Structures are given as structure tokens and as C-alpha cells.
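Fold and contact review
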Amino acid sequence: MNKIAVYLNEHLMGEVSSAKALRRKFSTDGSVLSIAPEIVAFPRVTNDIRKIARFTWQLAEKGHVVPLTARGYGGDTTGAAIGKGVVIDLSQHLNSVIEVVAKDKLVHVQPGASLKTVNEALRWQGMKLYGATDYALKPVSVGGAIASDSFGADGTVAGSVERLEVILANGDIIETGKISKRDVSKKLGLQTFEGEIYRKLEGLLEDNEALIKQLAQDETRDNTGYKRLADIRDKDGSFDLTPLFIGSQGTLGIISEVVLKTDFYSVDDTHVAVMTDSIQTARDLAERINDLEPTELTIYDGALFRRAAHQGAQFSLLGSVDQVGAVLYVRFNDFSPRVQTHKLKKLRRLLAKATIGAIDSTERDPADFKTITGILQTLSLGSSEDHIAIPLLNGASVPANRREEFEIALGELAARDHIELPVVVNCIDGTYDVATLLKLESVSDKQKLFKLLTDYATVVDRCGGAFTADGAEGRLKAPAAWAVLDGAQVDLYHQLRAIFDPFNTLNPGVKDKTELRTLVAALRADFDGASVL
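Source: prediction; values computed, not measured. (Residues numbered from 1 in each chain as written. Predicted model: local features only at pLDDT ≥ 70, side-chain atom pairs only at ≥ 80, totals over all residues. Heavy atoms only, no water.)

Broken down by element type, the protein chain carries 19 helices and 22 strands. Radius of gyration (C-alpha) of the protein chain: 23 Å, near the 24 Å computed for a compact globule of 533 residues. Counting only C-alpha atoms, the protein chain reaches 70 × 55 × 45 Å along its principal axes. Taking all 533 residues of the protein chain together, 56% fall into the buried category. Just so you have it, the protein chain exposes about 22,800 Å², and 49% of that area is on carbon and sulfur atoms. (Helix = DSSP H or I, 4+ residues; strand = E, 2+ residues; numbered from the N terminus. Rg over C-alpha atoms; globule rule 2.2 N^0.38 Å. Buried < 20%, exposed > 50% of the residue type's maximum accessible area, 1.4 Å probe, protein only. Areas by Shrake-Rupley, 256 points an atom, 1.4 Å probe, with all protein chains shown as cover.)

In C-alpha cells form, the structure reads like this:
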């Protein structure tokens, strides 16, 4: 057995293993990459994570770098949940809802708790967590949702963060949250790693004042690098490090506990499905429907339903999908049923003026609408073939006034590469997911994969969007995402990372300018239905 694994087992309450079977299981996540760790750790308490981090820090001081990769349920599609060295599985033991404070509408959880578990616990108190409804097949952990800054069906979990407990690279533990200018002065005087971080951050902010002001003025939601550096200091001199850890994918610290804001919820939803002749028509409608403030407003490309129908799937709600250009799905979840009814009436009037019909949940069983929202799962689980759509081009955002331009460019890209690129468009957040069919066992498709990533990132950037808006870049998207950053930004992000991780032990290769040949070497031999479970 690995000597490090033996040593750690002697000092942790949790378990540590170097067994080949476990290493193989944790060598993949939701991405097309595969990297086998040397060790897998299952911490039982926060102190276990601290001990692992302190041990690897001490090794790094002596010149032996052992990387640390924090992991929830392994659903990350960018390769951020895999890595060499030690993979720390937070979902096995650190998965509890610690406390629900109903009067303050707060919930205190461990990072390995699944969003579904947290939301179910909250529902007993008549509350919900924004971003918890997710249509992925794998469970999504709270820590993973924050570290990747990914969207749920109705917002982001990261947007509900009140404060975080974070373990730093050397094993020290800090709590984030807004602190006053006076408290910042105290932090600056600490003779600890935390004090060193605050002192170096102060210097970084002062030395790059113009660039950081430019980042603050750019309202584009972009998770590439560490753009939220611009949000940590307020005009009054107060500090809050929380934004830095959102979307950082475990490269600045490991989230060990979270306090989240919640809200009241309605037991009943109102669902509406609108069939249109094209994505453009659906998008035009969505721009007007958005004024009604729906909980969900999503366009599903008609090609997705035809692909599923080819597999044998039936859509009783939609009827024949042969001529459907796109399906626009609308959901209202206002706390007041009367408000939902009022919004539905307004929506019906809007559609009547456009002479477009719709089906809603006053006429059909609400469960029938799951055939729309679950179309990507249907395509993955219902396929009789070994290959399925690869989660490669997901999460880009495009401004509303540039979406038509973007969709035309996407069509040209699909025609040039002789590949179907059907989309799912979150019209509230302006993000696009693309269901890309590529066969990793095919040499030509492997070559096409990285070119497609680069070309797609270029198209998004040309249309004023962000390549990584729903989720961060991980290691898979990093080369394409960082290619559109200017040199000053790249240098700023490298300096920031060096402040928190001077020995490069926290998830190296993630959120950085990874070499393409490294990624090619890590490509899986195939990607099939089992890969998403």
C-alpha cells in the first residue's frame, strides 16, 4: 500500500486508500478526461481535510508536490473533479445539513450534501434553495455548485451564499464574510498565512487598480480565471473574500462548510409549453415573456426531440415533433397562486396576439412537462447506441442583442464541421448548452473536439459573450477560455493564485493555461451512457 496512504490512515478519522479499483473509479468525472489519482481520501470531519492539506504543504516545502483535488459527486464536465495526487471525496461523510434557521431563512450545510437533500430538508420548513433544481443525472453537491458557480433551473446556489468556511493550502481554516475596515487592519497584522494573504491581496489590488476597475465595470458574467477579485473590497474599505472562492474550482481553498440564504416557495407550479417554427421565433417570444418574471424560461431545439423520437421516445404532450423548430418551456413558481394565474392569463394574451398556441398545466398533468425538461436525460439514458451527446460546449453566455448573430455563426460552424449542434437556451440567464455528438473512439472526432472548443470560444467572444458563464473552465475548457484573455488579465490571475497556493498543490492544471498535448493524453477512450451516471 502507498506509504502516504498508510501515514494518513494513522492520523485521520476518515479513510484513505490507494486501491487500484478506487483509483480507477475516481479517475473520471462528468468530462471526457481521465486522470488516475495516487490516493483517494474520505474525510469524516473538517479536521481530516486540514491534516491532509497540512501534510501536503509540508511535503511541498521539501520539494515534493502532491496535488489535492476536492470532489463532490464527480459530475463536473470540465475535468475539475479529477487529478493526480490526493482526491478528497467530500460526499461520502461530509454530507449533512447541520442546521436550518427558519426565522432567519438560513441553512448551514457541509460541502458534500447534495442539492436535492438540502432542498428536501428545507421543504419541511416551507422554504427552498435557489439553484437547487438541476436536470443533471448525477447528484450535485453544494460545494461543487459553489466551486464551479453553475446554474440550477432557477438561479445559482452561489448567489445564495451568506458565508463560507474554507481550508487554505497549508491547512489553516478561515471563515469568509464581510468584515469592516477596522477588522481588515487586524487581519493585516496577523502573523499567519491568513494575514499574509490579506497583506498580499492589498498589494495586488493597489498595483493593479486600473485593471481591477475595468473588470468591475464589465458586467459580463464570466467564470474564466478569477474575475471576482474585483468584488472583494468595497469603497468603505471593508473586505469579503467569499467571491474569490465562487467559481474557483478548489484552486484557492477547499470549502468545508457553507451558510446559505433561502426563501419561501410555492408547492404548486404553473407549466407552459409553446411549440414554434424556429429558435428565432422562440427567442423573440421569450424576450417578451421575460417581462412576466418566470422562474424558468428555456428554449429546447426541435432537433433534440427528433433525435429522441428516433430512439423511440414518445411525446404525447407535443404530438408529432417532425416539424417542431423549437419548444419554449415556461414555469411560474410565485408564492401566491393568484399571481401565477394572473401571469398565465397575460402569457395567453401575448401568445394569442402572435397567433401561437400553447399547452399549460391547467389542461395537462404537470408531470407531462418533464418530457420537455428531461430531454437531455432521455437522450442519454434512452440511447441504444454506445455514444451520447458530450457535455463539451455547455455554459456560454451571449448578450440578448447578439443572440441572433451568435446563432447564425453557430449554424455556420456546424455546417463547416459537418456536425449537428442543437441547443438549449436559458433565456433568463442568457446561457447556451450544445448537445454535441462526437465519438471519442474515432480519431477524427478526437481531433475535431479541441478545434471545436477553440472555434466555439472564438464565436462566443466575437459576439460579446463569455465562454464560461454557467460553470467555470476547469482543465478541459481552459486552453480555449484563456486564449481570449489579454496578457495583463492572465498575469493578474496567476499572481492571485500564487498568493493562495504558493506551492501549486490545489488542483493544478485547473483554471490555468493547460497545454493541449496534456489534455489529448488525458482523453478517455470513449464516452457513453454510463459516463453520466
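Having seen the model, we can carry on.
Moving on: the state of the cysteines. The final tally for this structure, using the stated rule, is 0 disulfides. The thiol of C427 is unpaired, and the distance to the nearest cysteine sulfur, on C463, comes to 16 Å. The class of C463 is buried, set by a relative accessible area of 0%. (Disulfide = S-S within 2.5 Å.)

Let us look at a negative patch on the surface. The grouping of E385, D386, E441 and D526 at the surface amounts to a negative patch. You can see E385 is positioned in the loop between α14 (375-381) and β18 (389-390). Judged by relative accessible area, which is 48%, E385 ranks as partly exposed. (Patch = residues over 30% accessible without salt bridge, like charges linked within 9 Å, V, L, I, M, F, W, Y side chains within 5 Å. Salt bridge = Lys/Arg side-chain N within 4 Å of Asp/Glu carboxyl O. Lys, Arg positive; Asp, Glu negative; His and termini not counted. Charge placed at Lys NZ, Arg CZ, Asp CG, Glu CD.)

Let's shift gears to the packing of helix α7 (residues 193-207) against helix α18 (residues 487-500). Two numbers describe how α7 lies on α18: the axes approach to 9 Å, and their chain directions differ by 165 degrees. By the angle between their axes, α7 is roughly antiparallel relative to α18. You can see that α7 and α18 cross each other, and the crossing is right-handed. Along the contact surface, α7 presents F193, I197, K200, L201 and L204, while α18 presents L492, Q495, L496, I499 and F500. Class assignment of the residues belonging to the contact of α7 with α18 gives a composition of 8 nonpolar, 1 polar and 1 charged. (Axes fitted to C-alpha atoms, helices over the stretch in contact; angles between N-to-C directions. Parallel < 35°, antiparallel > 145°, perpendicular 65-115°, else oblique. Left-handed = near helix turned anticlockwise from the far one by under 90°. Contact = heavy atoms within 4.5 Å. Nonpolar A, V, L, I, M, F, W, Y, C, P; charged D, E, K, R; others polar.)

One can find S266 in the loop between β13 (263-264) and β14 (270-276). Here the side chain of S266 touches D268 through a polar contact of 2.9 Å, landing on its backbone oxygen. In this structure the side chain of S266 is engaged in a polar contact, spanning 3.3 Å, whose partner is the side chain of Q340. (Polar contact = N/O pair within 3.5 Å; in protein donor to acceptor, adjacent residues only side chain to side chain.)

What follows concerns a nonpolar patch on the surface. A grouping of L137, L381 and L533 is seen on the molecular surface, where their side chains present a nonpolar patch of about 290 Å² in accessible area. Turning to its location among the elements, L533 is positioned in the segment after α19 (516-522). Taking the relative accessible area as the measure of exposure, L533 reaches 61% and is therefore exposed.

Our focus in this paragraph is the sheet that holds strand β15 (residues 296-301). On the basis of which strands lie adjacent, the open sheet formed by 7 strands has the order β17-β14-β16-β15-β20-β21-β19 and antiparallel pairing. Edge strands, defined here as strands with exactly one partner in the open sheet, are β17 (359-360) and β19 (396-397). Note that strand β20 (residues 423-426) and strand β21 (residues 431-434) share 4 bridges and pair antiparallel. Across the sheet, the residue bridging to V424 is D433, located in β21. Packed onto the sheet, helix α11 (residues 302-310) meets β15, β16 (326-332) and β20 and runs at close to 60 degrees relative to β15. (Pairing = 2+ DSSP bridges.)

Before going further, it helps to examine the pattern of salt bridges. Within this structure, the stated rule accounts for 26 salt bridges. Ionic pairing is found between D154 and K128, a salt bridge with its closest N-O pair at 3.7 Å. Linking D154 in the loop between β8 (151-152) and β9 (155-156) with K128 in strand β7 (residues 127-128), this pair joins segments that are 26 residues apart in sequence. Pair check on accessibility: D154 and K128 agree, each one buried. One salt bridge in this structure joins R416 and D455, with 4.0 Å as the shortest N-O distance. With R416 in helix α15 (residues 403-417) and D455 in helix α16 (residues 443-462), the pair connects residues that are 39 residues apart, well separated along the chain. Taking relative accessible area as the criterion, D455 reaches 17% and is therefore assigned buried. Here the salt bridges share partners, and the residues they tie into one network are D149, R221 and R228.

Once that is clear, we can look at the pairing of strand β12 (residues 254-261). A regular strand places its side chains on the two faces of the sheet in alternate fashion. The buried fraction of β12 is high, at 7 of 8 residues. Sheet topology note: the strand β6 (residues 106-109)/β12 ladder contains 4 bridges and is antiparallel. Residue pairing for β12: V107 is matched across the bridge by L260. In this structure, strand β10 (residues 161-167) lies alongside β12, joined through 6 bridges in antiparallel fashion. By the bridge assignment, L164 is partnered in β12 with V258.

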